[in-house]
Amino acid sequence: MPQHQGEYQIQQQRQQTKLSPQQLAVMKLIELPIGELEQCVKNNVIENTALEEGRQDFGKEEDDYQEDGIGEEYSNDTSRNEKTDTSFDDYASLDDVPSYLYNQREETRQEMPLGDTKSFMDDLIGQISDYDLNEHQQELLKYLIGSLNDDGFIERDIPGLVTDIILYHDIETDEEELTYLLHILQQFDPAGIGARNTRECLLIQLERRNIAENPSELIEHRIIADYYDDLVNQRVESLARKLGVTVQRIHEAFENLSKLNPRPGIALCESANTVSQTIIPDFIIETSPDGTIDLSLNNGDIPELHISKEYEANLKLYQQNKGKMSRQAREAFEYTQQKVEKARFFIDSIRQRHNTLLSTMKAIIDYQREFILSQDESALIPMRLEDIAQRVGLDTSTISRVRKSKYAVVDGNIYPLDIFFKHARTNADGEIIEHSEVTDALRRLIDSEDKSNPLTDMQLSEKLKTAGFNISRRTIAKYRLGMGIPSTKDRKDI
């Protein structure tokens, strides 16, 4: 049958969620663990002279600061929510400060050494649970992850991968399904992972960075998408003519593109190969024998922030004389206003991060209360990102960002937040089923089978589906092996 080659136009409809600059800033801050957030705050204080550390005064503004949620703790026992002032300002010297205040100040930041031997593959496989995929799709996605080269790219074409999967791994799939899963992989972190070449890798990163606007309208996007050869060969003047912009704008675009990572797999490998690192928990959870659970957010060495009084005074003075300002005074006013607005923007973003983390962790504690009190992993309840998102009224992607790279210390024991999100399996009606329900049903089937003609894994899968458990043949085999039950052949009476 002859094959026709040529160019075709395909119309696709895609829904985009546009986030405000404030929302984007909060999302980025939420992703940061406490150690990186400390550095981010320090950098902003250095860059913006209108942003200052410390308390502005001990009056109303400090009260407003607390009302906005900074420093707030959660406890299911309101009688235990009283605060102790840990300020050293009332003492003549540090030698006069009582030891209990020093101890209390130190307890707000807890560092725990934790060996980390996660590999490149483990880090990516851990992100699969963020997506609603069935067992079959998860297996295929793991195969794609295993096919990545050291740069984090998929080198083989989709038809070749499909052939290998069917022939050598006995997994049925097709090009459409594998392409869909490849696009899922390309949403993983670090941005650009799963690309098929450097050009696609850069486009993925550029689109991820500019989610709030239409990336295809950016000069940088057009350079990569339409004039990649000119980019590689640094044809600045040629690009300026083709795009109808100045040479200076092309140089600016080159500078922006130089900040993208053309080898995302290398960066991930380097971070994953760190043998040991210091983990600073973001959440501190303490329990009492009476069942009380106290939660606080570890603010580490992050200082209290406020707007510079000098800048606020200057801004007020400029506004009072706005009608008779000289050009120089107007420029000074605009500069001051910009700095003050940027400082307020950052302080508000920090507060929103604080409130989001606390409300999310509170919902997790309510959901996993039995595990928090017992620290017995068998007490973990199947829980999805969607379950917590619905409780706190946030988007699933926000909950995913809270979970990412975060740790909680529970009565001295440290846990990654991933542990709370135990994979939930559902039945035909969409209801969550426990692992024990599946294993009990499987054991009953095997105990009652005809030992002269035992059930195959496929037959067991079909019978469980009839009973409301949608479990694949491959998963049946995993359950069976985990339960110590031999194969069909070995169960047969001779």
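Residues numbered from 1 in each chain as written. Predicted model: local features only at pLDDT ≥ 70, side-chain atom pairs only at ≥ 80, totals over all residues. Heavy atoms only, no water.

### As for a negative patch on the surface
For step 1, the next point in the chain: A surface patch of like charges, here negative, comprises Asp157, Asp174, Glu175 and Glu176.
For step 2, the next point in the chain: Position of Asp174 relative to the elements: it lies in the loop between helix H7 (158-169) and helix H8 (175-185).
For step 3, the next point in the chain: When its relative accessible area of 39% is taken as the criterion, Asp174 is described as partly exposed. (Patch = residues over 30% accessible without salt bridge, like charges linked within 9 Å, V, L, I, M, F, W, Y side chains within 5 Å. Areas by Shrake-Rupley, 256 points an atom, 1.4 Å probe, with all protein chains shown as cover. Salt bridge = Lys/Arg side-chain N within 4 Å of Asp/Glu carboxyl O. Lys, Arg positive; Asp, Glu negative; His and termini not counted. Charge placed at Lys NZ, Arg CZ, Asp CG, Glu CD. Helix = DSSP H or I, 4+ residues; strand = E, 2+ residues; numbered from the N terminus. Buried < 20%, exposed > 50% of the residue type's maximum accessible area, 1.4 Å probe, protein only.)

### Thoughts on the packing of aromatic side chains
For step 1, the next point in the chain: Summed over all chains, the structure comprises 4 aromatic pairs.
For step 2, the next point in the chain: Aromatic side chains Phe371 and Phe420 sit 5.7 Å apart centroid to centroid with 80° between the ring planes, which places their arrangement in the edge-to-face category. With Phe371 in helix H17 (residues 369-374) and Phe420 in the loop between strand E9 (413-416) and strand E10 (425-426), the pair connects residues that are 49 residues apart, well separated along the chain. By the burial criterion, Phe371 is buried, and Phe420 matches it.
For step 3, the next point in the chain: Ring pairing ties together the aromatic residues Phe371, Tyr415 and Phe420, which thus form one cluster.
For step 4, the next point in the chain: Lying across the ring of Phe421, Arg403 places its NZ or CZ 5.5 Å from the centre. (Phe/Tyr/Trp six-rings, centres within 6.5 Å; stacked < 30°, edge-to-face > 60°. Lys NZ or Arg CZ within 6 Å of the ring centre and 35° of its normal.)

### As for the packing of helix H9 (residues 198-209) against helix H10 (residues 219-226)
For step 1, the next point in the chain: Packing of H9 against H10 brings their axes to within 10 Å, and their N-to-C directions diverge by 160°. On the basis of their axis angle, the class for H9 and H10 is roughly antiparallel. Seen along the crossing, H9 lies across H10 with a hand that is left-handed. Counted together, Arg199, Leu202, Leu203, Leu206 and Glu207 of H9 and Glu220, His221, Ile224 and Ala225 of H10 form the full contact between these two elements.
For step 2, the next point in the chain: For the contact of H9 with H10, the residue count by class is 5 nonpolar, 1 polar and 3 charged. (Axes fitted to C-alpha atoms, helices over the stretch in contact; angles between N-to-C directions. Parallel < 35°, antiparallel > 145°, perpendicular 65-115°, else oblique. Left-handed = near helix turned anticlockwise from the far one by under 90°. Contact = heavy atoms within 4.5 Å. Nonpolar A, V, L, I, M, F, W, Y, C, P; charged D, E, K, R; others polar.)

### Considering the pairing of strand E8 (residues 407-410)
For step 1, the next point in the chain: Taking every second residue as pointing to the same face, both faces of E8 are buried, with Tyr407 and Val409 on one and Ala408 and Val410 on the other.
For step 2, the next point in the chain: Sheet analysis places E8 next to E9, joined by 4 bridges and oriented antiparallel. Each residue of the ladder has a partner; that of Tyr407, found in E9, is Pro416. (Pairing = 2+ DSSP bridges.)

### Details of the pairing of strand E5 (residues 283-287)
For step 1, the next point in the chain: The sheet contact formed by E5 and strand E6 (residues 293-297) spans 5 bridges and is antiparallel. By the bridge assignment, Ile285 is partnered in E6 with Leu295.
For step 2, the next point in the chain: The loop that links E5 with its antiparallel partner E6 comprises 5 residues; one of these, Gly291, has a positive phi angle of about 90°.
For step 3, the next point in the chain: Two strands pair when backbone bridges link them, and E5 and E8 are joined in this way by 3 bridges, in the parallel orientation. Paired with Ile284 across the strands is Val409, a residue of E8.

### Description of the side chain of Asn48
For step 1, the next point in the chain: In this fold, Asn48 is placed in the loop between helix H2 (34-47) and strand E1 (51-53).
For step 2, the next point in the chain: You can call Asn48 buried: its relative accessible area is 4%.
For step 3, the next point in the chain: Only 3.0 Å separates the side chain of Asn48 from the backbone nitrogen of Ala50, close enough to count as a polar contact.
For step 4, the next point in the chain: Excluding its chain neighbours within four sequence positions, the residues that come into contact with Asn48 are Lys339, Lys342 and Ala343. (Polar contact = N/O pair within 3.5 Å; in protein donor to acceptor, adjacent residues only side chain to side chain.)

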